[in-house]
Amino acid sequence: MFRRLAALAVLALASTGCKQRAPDAGAASSAPRVARGGSSKDAPKADARAGKGTASASSAASVPPSIAGQHEPTVALSFQPGHTMRDLELVGWTRDGRYLVIDAVYGRRAGGRLTKARYEARQVRDLLTGALVESFYTWRASGPRAEDETDRIRSARTASESLREWKLWALRHPFFKAAPAQRDQHLALAVARPVPGLVLGTDGRGATYRWRASKQRPRFEVRLRDRDLLRFAVPFHMPSITTRDEVFGRVELRRLPGGKRALLVLRARAKGHQDARFYLRSFGPQIELVCARYEEQRARKLAAELLRRGLPVVKLVLADDEAIPSKTEVSYRRDSRKTAAAVAAALHGKKVAIRELQSNGWVDVVARLAPLTSAPKPCVGPSNPSLGGAYRDGRRGVTFRLDEPRLHWSYRYDVENDRFVRTRWRTDKASSEHTSKVTREVKRCASDGRCATKKIAASTVRPDGRWFFVTRGQEDRTVVDIYDAKSGRKQSTVAAGEGCKNALWLHDLLYVENNVCAGPGGEAAIYDPETGKKRHDVGTKLFNCYGCKPLDLGGDRWLVVQAMGDSLAVQNMRSGKVLASVKLEYTVSHNQTWVARFAKGLVVVQSPSRETVAATVRLVTLGGKVTKLRELPRCK
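The rules we used
- Residues numbered from 1 in each chain as written.
- Predicted model: local features only at pLDDT ≥ 70, side-chain atom pairs only at ≥ 80, totals over all residues.
- Heavy atoms only, no water.
- Helix = DSSP H or I, 4+ residues; strand = E, 2+ residues; numbered from the N terminus.
- Buried < 20%, exposed > 50% of the residue type's maximum accessible area, 1.4 Å probe, protein only.
- Contact = heavy atoms within 4.5 Å.
- Areas by Shrake-Rupley, 256 points an atom, 1.4 Å probe, with all protein chains shown as cover.
- Arc of directions from axis to C-beta.
- Pairing = 2+ DSSP bridges.
- Axes fitted to C-alpha atoms, helices over the stretch in contact; angles between N-to-C directions.
- Disulfide = S-S within 2.5 Å.
- Phe/Tyr/Trp six-rings, centres within 6.5 Å; stacked < 30°, edge-to-face > 60°.
- Right-handed = clockwise from strand over helix to strand, strands pointing away.
- Polar contact = N/O pair within 3.5 Å; in protein donor to acceptor, adjacent residues only side chain to side chain.
- Salt bridge = Lys/Arg side-chain N within 4 Å of Asp/Glu carboxyl O.
- pLDDT = per-residue confidence, 0-100.
- Core = buried A, V, L, I, M, F, W, Y, C linked by side-chain atoms within 4.5 Å.

For the chain, the count of helices and strands is seven helices and 40 strands. In the chain, buried positions account for 51% of the 636 residues. Contacts spanning at least 24 positions in sequence make up 56% of the contacts within the chain whose residues lie at least 6 apart. Roughly 31900 Å² of accessible area belongs to the chain as shown, and the carbon and sulfur atoms make up 50% of that amount.

So, in structure tokens, the structure goes:
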């Protein structure tokens, strides 16, 4: 077939009168195919420029780009990776074939363009799960401002150890160094959505593409031995490129140990932009293996057995208890029933149910393993974990994350069934707990009568739209000014002595926290927005309200957690009466205590300082009575 593709490419080049040399058989494998139903109308206008630095190139007008056929589209692996890198290079893999080693480069984007801030790390990733196992710092270049080093650079740096630790790790895990990248003749890059001026080609490392940016984005299809591996559009994250910028990219295929799987690396580059990402794929059917988290070793042995039979697993999913079936089952898509039967035979023979999946997806076969043993009781490692976050998980449960060194486990507590399970952290649910920073335009008038339109956060406007506040001041002396939203004139000022002030609306009540700026001491009170005078204090006597964020319990009832997380108070904020006070365990800060409202009362999650307990969950009534205390222990 590849010879036929080469012949078609040569004929197309000869018919257009191009003076490019005819591509060899290897180059033809990366030239686009003509799919069924394709016509010359789909070909963009010719671009006289050949691909710069390519060993052989063919313009999109010379060889008609392939158009997506009736086959179902493939999609990216969900775990590959959580965010794109600026660049990456394959270092090698361990001799046991379990870990992949790459050099990753992270860079911050400001307005879509890269700043000078860079961070490079040597990363060890699991070849079956894709998870980041270890990260080692290699090099860093800071930007001109401190804020340049945030987001992905900071998170990558936090997860990294020193390069000296890498040398110790490499001694414990001998690995093969990867040879320089070479173009794989079985890799083909076809065009699923053409754009004018697109140039396809090859170089010594893989298939290449080049075009001058426009509003239209080309879509490509990566094929390996007539199989769809991936469809992607470029640029990945380049929102600010203009029509004058030229975009260049490459697709590389690197064979992994055993020759049955491959690492697919995508790169894109334009002026001031650079992105890279990677995917794991199989040279045959794409097989996914799903098992319970506590049976990971069993799943790895089955994956090794499938590889020995020529059926490599390209993705291992360690699922929660709720996603595991009671009986082992194998599902397949499209025309992969024979592969599914072979996988079932390698697992449990005739006892495995085989069914067809109607939904789209990138995998051909999915094998879900029923557990052979009962799930162990969840526990946390010997280190001192901190509460990394929490959110409500439906009507009956809460999910919280405990951050340990190099581990970020998540647990779910089922309120109804009173049990812990290890679960998956849902970023979308966690982010929904926080309100977005929406701005609003208001009119503000000075004492001399001059008025101007200013932008402020929408949360600073009272829900009924009557008042809004503005915090002003310098260093440790700030005040809160309250303005009339209709006239724009200042109504009152909350001074409350020295200190830094944070304000927010509790419905129509003005809550103001006054702290010592550096922490962790502070107090809070309710103020009258019309006069700026204090109505009453928040919390019990000597209640440290540094960083407090009141939780709405309905009506005029609000809950506040003391700064060190060792107590909470339920208070009627209109009258000032404290309805309940609950003593908790001492923690490092209020961030280690999380509270949510349920039908049966309050659920309080804490990461205490006790050495024998990793986390506690309390069920508390609105009257302050603790009805349940559950402890998630440390593993012995």
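There's more to say after this.
Burial in helix H4 (residues 163–172) covers these residues: Trp166, Trp169 and Ala170. In a view along the axis of H4, the buried residues occupy a sector of 100°, so they form one face of it. Relative to its buried face, H4 has exposed residues pointing more than 90 degrees away, namely Arg164, Lys167, Leu171 and Arg172.

Below, the discussion takes up the sheet that holds strand E17 (residues 329–332). Think of a sheet as strands paired side by side through backbone hydrogen bonds, with each pair either parallel or antiparallel. If you trace the five strands from one edge of the open sheet to the other, you get E16-E15-E19-E17-E18, paired in mixed fashion. Single-partner strands in this sheet number two, and they are strand E16 (313–319) and strand E18 (353–356). Taking the axes of each pair of neighbouring strands and ignoring which way they run, one obtains an average angle of 20° across the sheet. Taken together, the four bridges between E17 and strand E19 (residues 365–368) define a ladder with antiparallel strand orientation. Its bridge partner being in E19, Glu329 is matched across the sheet by Arg368. Seen against the sheet, helix H5 (residues 296–308) touches strand E15 (287–292) and E16 and runs at an angle of roughly 155° to E15.

This part covers the state of the cysteines. Tallied over the full model, the rule gives two disulfides. Between Cys379 and Cys635 runs a disulfide, and the two sulfur atoms are separated by 1.9 Å. Since a negative S-S torsion denotes a left-handed disulfide, the Cys379-Cys635 link at about 95° is right-handed. Of this pair, Cys379 sits in the loop between E19 and strand E20 (386–393) while Cys635 is found in the segment after strand E40 (626–633), placing the two residues 256 residues apart along the sequence. The disulfide that involves Cys445 links it to Cys451, with 1.9 Å between the sulfurs. On the sign convention where negative is left-handed, the bridge of Cys445 and Cys451, at about 105° about the S-S bond, is right-handed. Judged by its relative accessible area of 7%, Cys445 falls in the buried class.

Here we take up the sheet that holds strand E38 (residues 601–606). Strand order in this open sheet of four strands is E37-E38-E39-E40, and the pairing throughout is antiparallel. Edge positions in the sheet fall to strand E37 (593–598) and E40, since each has one partner strand and no second. This sheet shows a mean twist of 15° between the axes of neighbouring strands, independent of strand direction. Summarising the sheet, E37 and E38 pair through six bridges and their orientation is antiparallel. Of the residues in E38, the one forming a bridge with Val595 is Val604.

Here the focus is the environment of Leu266. As for its placement among the helices and strands, Leu266 is situated in strand E13 (residues 261–270). It is 8.4 Å that separates the C-alpha atoms of Leu266 and Tyr279, two residues lying 13 residues apart in sequence.

Scanning the entire structure with this criterion turns up 13 aromatic pairs. Aromatic side chains Tyr413 and Phe420 sit 5.1 Å apart centroid to centroid with 50° between the ring planes, which places their arrangement in the tilted category. Judged by relative accessible area, Tyr413 falls into the buried class, the value being 0%. Residue Phe420 is classed as buried on the basis of its relative accessible area, which comes to 14%. Aromatic side chains Phe469 and Trp505 sit 6.0 Å apart centroid to centroid with 50° between the ring planes, which places their arrangement in the tilted category.

Time to look at the pairing of E16. The buried fraction of E16 amounts to five of the seven residues, a majority that puts the element mostly inside the structure. Where E15 lies against E16, six bridges are found, and the strand directions are parallel. Looking at the pairing, Val290 lines up with Val317 of E16. Taking the sense of rotation as the criterion, the β-α-β connection linking E15, H5 and E16 turns out right-handed.

Let us now look at the side chain of Asp414. For Asp414, the location among the structural elements is in strand E22 (residues 407–414). Polar contacts involving the side chain of Asp414 include one to the main-chain amide nitrogen of Asn417, which spans 3.1 Å. Ignoring sequence-local partners within four residues, the contact set of Asp414 consists of Arg396, Gly397 and Arg419.

Turning next to the pattern of salt bridges. If you walk through the whole model with that rule in mind, you get 32 salt bridges. Close ionic contact of Arg450 with Asp448 constitutes a salt bridge, the shortest N to O distance being 2.8 Å. Judged by its relative accessible area of 63%, Arg450 falls in the exposed class. Among the charged side chains, a salt-bridge network with shared partners connects Asp87, Glu89, Asp203, Arg205, Arg250, Glu252 and Arg267.

Residues other than glycine predominantly adopt negative phi, and peptide bonds predominantly adopt the trans conformation. Even without a glycine there, the phi angle at Asp418 is positive, about 55°. On the basis of relative accessibility, which here comes to 23%, the residue Asp418 falls in the partly exposed class. Located in the positive-phi region is Leu542, a residue other than glycine, with phi close to 55°. By the secondary structure assignment, Leu542 is in the loop between strand E32 (534–537) and strand E33 (551–552).

Bringing the confidence of the model for the chain into the picture now. Overall, the predicted model of the chain reaches an average pLDDT of 77, with 77% of residues at or above 70. In the model of the chain, helix H2 (residues 25–29) stands out as the element of lowest mean pLDDT, 29, in contrast to E19, which has the highest, 93. Note on residues 1–74: pLDDT is under 50 here. Beyond four places in sequence and across chains, it has 134 contacts. With pLDDT under 50 throughout, residues 110–114 is counted as low confidence; its partners more than four residues away or in other chains account for 18 contacts.

Right, let's talk about helix H6 (residues 337–347) for a bit. Among all positions of H6, only Thr339, Ala340, Val343, Ala344, Ala346 and Leu347 are buried. The buried residues of H6 all sit within an arc of 160° when viewed along its axis, so they share a single face. Looking at the buried positions of H6, the neighbouring elements they touch are E15, H5, E17, E18 and E19.

This brings us to the nonpolar core. In this structure, Leu189, Tyr209, Phe220, Val222, Phe232 and Leu264 are the most contacted members of the largest nonpolar core, which totals 27 residues. Only strand E7 (187–193), strand E9 (207–212), strand E10 (219–224), strand E11 (227–233), strand E12 (246–255) and E13 provide two or more residues apiece to this core. Ile102, Leu280, Ala319 and Val363 belong to the second largest nonpolar core, which has 24 residues in total.

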